[in-house]
Amino acid sequence: TQLFGDRMIIANATGCSSIYGGTFPTIPYCKNALGQGPTWANSLFEDNAEYAFGMRLAVDSHRKQLLRSIDRILEIGEPSPLNQALQKCRGLWNSVDEEAKAAARAVKEVLPATLAKAQGETKSVLWKIVEFQDYFVDKSVWAIGGDGWAYDIGYGGLDHVLAMNRNVNILVLDTEVYSNTGGQASKSTPTGSVAKFAAAGKRTKKKDLGLMAMTYGYAYVAAIAMGANQNQALKAFIEAEAYPGPSLIIAYAPCIAHGFDMRNTQAEEKMAVEAGHWILYRYNPLLAKEGKSPLILDSKEPKIDYQTFLQNEIRFRTLMQQHPEIAERLFAQAEREVKERLSYYQRMAQS
């Protein structure tokens, strides 16, 4: 929200993030010196992606009407401070930088005086500009939620939004478990992890949501872990927001259900990446148009033994204590799966 907050619209799936994101009197979102911050709304758990998509369609419709009104005023109006300000906004229509924001403020300053003197068609068109004056600069629309929403219950909607090829940003806070329901296994839960309804360890590997999104070929996709590489995480947010189409950022989000001291979440994220459990990458379709591989693999070769990572968290260690024979088999399977996945991504990045 420090990057995009004054023009950010958030659709927040019900869950942990909606609780800490929408609980008053304290919330984690930033505001600028003018007191402007993100617009936030919470709908149902299962339709969050569609909810954000509706916001995108509404913003596009408002901006289309505003642009039509600007062009009409410039067509029928005589030179004036308002027309000059509108002309500048028109020239910066696709910009979201400080110059575009300043041009929008300039219009708002002279709009009331011009409206007071206007008559006939000019007045009615100016009223339309007043109605949509907050849309001179495009909005940054974000759907935010956990893996239970994105991988499971709301996946159909998320996939639909990605397929529509509209400018919607999606942030998935991946805890690899249904955190808000007390730790149920989800499609994001990795092999060998103990969770509700997987008391003897999950037997199937984690769903690769990012890889599935890449198959569209026109969606920006990134996987980040802030504790492992803050610079890579920042790059992913900036690139995703600037990308003129759908974007998906999957953020590794350690949870109390993982079973370690939560004061060490950043260190745990780093360990997950260094063991190969979590891969850092950015997939940008714009690079393909330059003849480059669209996939940038930001992860390096693992330098921590994978079994060491598993033993560090109770979600895995419990299986070893209760079902050692099953644990030995599933942990070997899990290590094989993460190595195969990293190898596959390495080949993709080189192609």
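Residues numbered from 1 in each chain as written. Predicted model: local features only at pLDDT ≥ 70, side-chain atom pairs only at ≥ 80, totals over all residues. Heavy atoms only, no water.

**Student:** What exactly am I supposed to notice about the overall build of the chain here?
**Tutor:** Check the secondary structure of the chain and you find 14 helices and eight strands. Along the first, second and third principal axes, the C-alpha set of the chain runs to 85 × 50 × 35 Å. Sequence separation of at least 24 residues holds for 70% of the intrachain contacts in the chain that already meet a minimum separation of 6. Per element, the accessible surface of the chain, about 16,800 Å² overall, is 55% carbon and sulfur. Across the chain, the mean location of the 39 positive side-chain charges is 2 Å away from that of the 38 negative side-chain charges. (Helix = DSSP H or I, 4+ residues; strand = E, 2+ residues; numbered from the N terminus. Contact = heavy atoms within 4.5 Å. Areas by Shrake-Rupley, 256 points an atom, 1.4 Å probe, with all protein chains shown as cover. Lys, Arg positive; Asp, Glu negative; His and termini not counted. Charge placed at Lys NZ, Arg CZ, Asp CG, Glu CD.)

**Student:** Is there a simple way to explain the environment of G157 in this structure?
**Tutor:** Tracing the chain through its elements places G157 in helix α7 (residues 155-163). For G157, a relative accessible area of 6% gives the class buried. Spatially, the C-alpha atoms of G157 and A49 are 5.6 Å apart, while their sequence positions differ by 108 residues. (Buried < 20%, exposed > 50% of the residue type's maximum accessible area, 1.4 Å probe, protein only.)

**Student:** Could you clarify how one ought to interpret the packing of helix α3 (residues 81-91) against helix α4 (residues 98-117) in this entry?
**Tutor:** A pair of packed helices is characterised by two quantities: the angle between their axes and the separation of those axes. Two numbers describe how α3 lies on α4: the axes approach to 9 Å, and their chain directions differ by 155 degrees. One finds that α3 runs roughly antiparallel with respect to α4. The chirality of how α3 crosses α4 is left-handed. Counting all contacts with α3, which are made through P81, L82, A85, L86, K88 and C89, the residues of α4 involved are E99, A103, A104, A106, V107, V110, L111 and T114. Of the residues that constitute the contact of α3 with α4, the class distribution is eleven nonpolar, one polar and two charged. (Axes fitted to C-alpha atoms, helices over the stretch in contact; angles between N-to-C directions. Parallel < 35°, antiparallel > 145°, perpendicular 65-115°, else oblique. Left-handed = near helix turned anticlockwise from the far one by under 90°. Nonpolar A, V, L, I, M, F, W, Y, C, P; charged D, E, K, R; others polar.)

**Student:** It is not clear to me how the nonpolar core should be interpreted in this structure. Could you clarify?
**Tutor:** One recurring pattern in soluble globular proteins is that nonpolar side chains are buried together. Membership of the largest hydrophobic core comes to 77 residues, with the highest contact counts inside it found for F136 and I170. Among the elements that line this core, the one with the most residues is helix α2 (residues 48-76), at nine residues. Aside from chain neighbours lying at most four places away, what touches I170 is W142, A143, W149, L158, V161, L162, S247, L248 and I249. Residues L173, A222, I224 and A251 belong to the second largest nonpolar core, which totals 17 residues. (Core = buried A, V, L, I, M, F, W, Y, C linked by side-chain atoms within 4.5 Å.)

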